[in-house]
Amino acid sequence: MRVLLIGANGMLGKDIVQEWQDDELIPATSRDADIRNYEQVERLITATRPEWILLTAAYTDVDGSERDPEAAFAVNGKGTENVAGVAQKYGAKVFYISTDYVFDGQGKRPYEPADPIAPINVYGESKARGEQAIQASLRDWCIVRTSWLFGASGSSFPEKILRAAETRPELSVVSDQVGSPTYTRDLAVAIRGLVHADARGFVSVTNSGTCSWFEFAQEILRQAGKNNPVKPIDTVQAARAATRPAYSVLSPAALHTFGITVRHWREALPPYLAELRNMGKLT
Ligand SMILES: NC(=O)c1ccc[n+]([C@@H]2O[C@H](COP(=O)([O-])OP(=O)(O)OC[C@H]3O[C@@H](n4cnc5c(N)ncnc54)[C@H](OP(=O)(O)O)[C@@H]3O)[C@@H](O)[C@H]2O)c1
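Quick summary incoming for the structure in this document. (Residues numbered from 1 in each chain as written. Predicted model: local features only at pLDDT ≥ 70, side-chain atom pairs only at ≥ 80, totals over all residues.)

1. A word on the sheet that holds strand β5 (residues 141–146)
Either a parallel or an antiparallel arrangement is found when strands of a sheet pair, and the pairing is made through backbone hydrogen bonds. If you trace the six strands from one edge of the open sheet to the other, you get β2-β1-β3-β4-β5-β10, paired in parallel fashion. Two strands lie at the open edges of the sheet, namely β2 (24–28) and β10 (201–204), each paired on one side alone. Ignoring strand direction, the axes of neighbouring strands in this sheet form an average angle of 20°. The sheet strands contacting helix α7 (residues 184–196) are β1 (2–6), β3 (52–55), β4 (93–99), β5 and β10, and the helix crosses β5 at an angle near 160°. (Pairing = 2+ DSSP bridges. Helix = DSSP H or I, 4+ residues; strand = E, 2+ residues; numbered from the N terminus. Axes fitted to C-alpha atoms, helices over the stretch in contact; angles between N-to-C directions. Contact = placed C-beta atoms within 7 Å.)

Structure below.
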C-alpha cells in the first residue's frame with residue numbers, strides 16, 4: 001500500500017515515519033508542498049499517486065491562532081480543502097488528524113464522534129473547517145480526533161514542565177481543564193492500524209485515562225525524579241490568549257470496534273522520558 005504522509009516533519013509526523021516499518025510510506029514536508037498552494041499539492045500527489053494521504057500538517061499554535069486567525073484558516077481550512085480536492089480528483093483516500101478542540105468542553109461524559117461540534121477558539125474553528133472540507137470533497141475519508149499530544153520529536157507540555165522545573169522552585173499548572181494526554185508514538189501505531197483496517201468515518205484516538213494538566217504535570221515530575229511542588233491554578237489565572245475546553249475527553253468506542261486499544265497515559269510516560277534521555281533532553 002502506498003501512503004503519502006503530509007506533515008512528516010512535525011512531532012506526530014516524525015513518529016509516524018519511525019513507527020511505519022512496512023508499506024510504502026512517502027514522507028512529505030512543507031518543502032515538498034505548501035498545502036496552501038493547490039498546484040504544489042497537485043504536483044506532489046500526481047508524482048506519488050498514493051492510495052491513502054495521511055494529513056498531519058497543520059497550523060498548531062493554539063494561542064497564535066487567536067492573534068493571527070488568517071494563518072490558522074489558511075493552513076487548517078484552505079490547506080485541508082486543497083488536499084481533499086486533489087485527493088478526490090486522483091482517487092486517493094484521506095486520513096485527517098483533528099482535535100478535541102472542535103468540542104466546546106461543556107460535556108460531562110466522553111465525546112462520541114456524532115456529538116455536535118462547537119469550537120470555542122480559532123484553532124478549533126480552523127480544524128473544524130478542515131473536517132468539513134474533508135467530508136464535503138471526499139467519499140473515502142477517515143478523521144481521527146486526538147488530544148494533548150506529547151512526543152520527544154517536538155516541544156510539548158511535558159518537556160516544558162521539565163524545563164521549567166530546572167529554574168523554578170515551584171510550578172503553577174491549570175487544574176480545571178480535563179482531558180487525555182496522548183503519546184505520539186502510541187498514536188502513530190494506532191493510526192497505522194486504522195489505515196491497515198481501511199477505516200472510514202470518525203474515530204477518536206488518545207491514550208486511555210484522564211487527568212487535568214495539573215495532575216499530568218505532577219506525574220511527569222514524579223516519574224522524572226523531580227520534587228518541585230506544583231500549585232493548582234484555574235484557567236482564568238493562567239490568562240492564555242485562547243479559551244480552552246474545560247472537558248475534552250474523547251470516547252474510544254469507535255477505536256475499539258477495530259480491535260485497537262491504547263495504554264494508559266501514565267504507562268506511556270516511561271518510554272517518553274527514556275526517549276528524552278536518549279536525545280540528551282533530560283538528565
Ligand atoms: N499538538 C497537539 O497537542 C494536538 C492535539 C490534537 C490534535 N493535533 C493535531 O495533530 C496533528 C499533528 O500535530 P503536531 O503537534 O505533531 O504538529 P506540529 O509538530 O506542529 O507539526 C505540524 C507540521 O505541519 C506542517 N505545516 C504547517 N504548515 C504547513 C503548510 N502550509 N504546508 C505544509 N505543511 C505545513 C509543518 O511542516 P514543516 O515542518 O515541514 O514546515 C509541521 O511540521 C495536527 O493536525 C494537529 O492539529 C495536535
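2. Quick word on unusual backbone geometry
At R49, a position not held by glycine, the phi torsion is positive, near 45°. Structurally, R49 is set in the loop between α2 (38–48) and β3. Backbone geometry places A239, a non-glycine residue, at a positive phi of 50°. Relative to the helices and strands, A239 is located in the loop between α9 (235–238) and α10 (253–256).

3. A word on helix α11 (residues 265–278)
The end-to-end C-alpha separation of α11 is 20 Å, in line with the 20 Å expected for 14 residues at 1.5 Å each. For α11, the set of buried residues is W265, A268, L269 and Y272. Considering only its buried residues, α11 is in contact with β6 (149–150), α6 (157–167), β9 (182–183), α7 and α8 (213–223). G280, located one to two residues past α11, shows a positive phi value of around 75°. (Expected span 1.5 Å × (residues − 1). Buried ≥ 20, exposed ≤ 12 C-beta atoms within 10 Å, placed from the backbone.)

4. Overview of the site of the ligand
Every one of the 26 residues lining the ligand counts as a neighbour, but N9, G10, T29, S30 and A58 are closest to it. Elements that contribute at least two residues to the shell around the ligand include exactly α1 (11–19), α4 (69–90) and β4. Considering every element that reaches the shell around the ligand, the biggest residue donor is α1, with three residues. The residue makeup of the shell around the ligand, split by class, is 10 nonpolar, 13 polar and three charged. (Near = placed C-beta within 6 Å. Nonpolar A, V, L, I, M, F, W, Y, C, P; charged D, E, K, R; others polar.)

5. Digging into α7
With 13 residues, α7 ought to run about 18 Å at 1.5 Å a step, and its terminal C-alpha atoms sit 18 Å apart, in line with that. Taking burial as the measure, the 13 residues of α7 include 10 buried ones, the bulk of the element. Along α7, the positions that sit buried rather than exposed are T184, R185, D186, L187, A188, A190, I191, R192, L194 and V195. Backbone geometry just after α7 places D198 at a positive phi near 55°.

6. Side note on the packing of α2 against α4
Between α2 and α4, whose axes approach to 9 Å, the crossing angle comes to 40°. With respect to each other, α2 and α4 are oriented oblique. Crossing of α2 over α4 shows right-handed handedness. Along the contact surface, α2 presents Y38, V41, E42, I45 and T46, while α4 presents N82, V83, V86, A87 and Y90. Taken together, the residues that form the contact of α2 with α4 break down as seven nonpolar, two polar and one charged. (Parallel < 35°, antiparallel > 145°, perpendicular 65-115°, else oblique. Left-handed = near helix turned anticlockwise from the far one by under 90°.)

7. Description of the nonpolar core
Among the nonpolar cores identified, the biggest contains 80 residues, and I6, I53, L55, V83, V94 and F95 are the most heavily contacted of them. Sequence-distant contacts of I53, defined by excluding residues within four places in its chain, comprise L4, I6, V83, A87, A92, V94 and F95. (Core = buried A, V, L, I, M, F, W, Y, C linked by C-beta atoms within 7 Å.)

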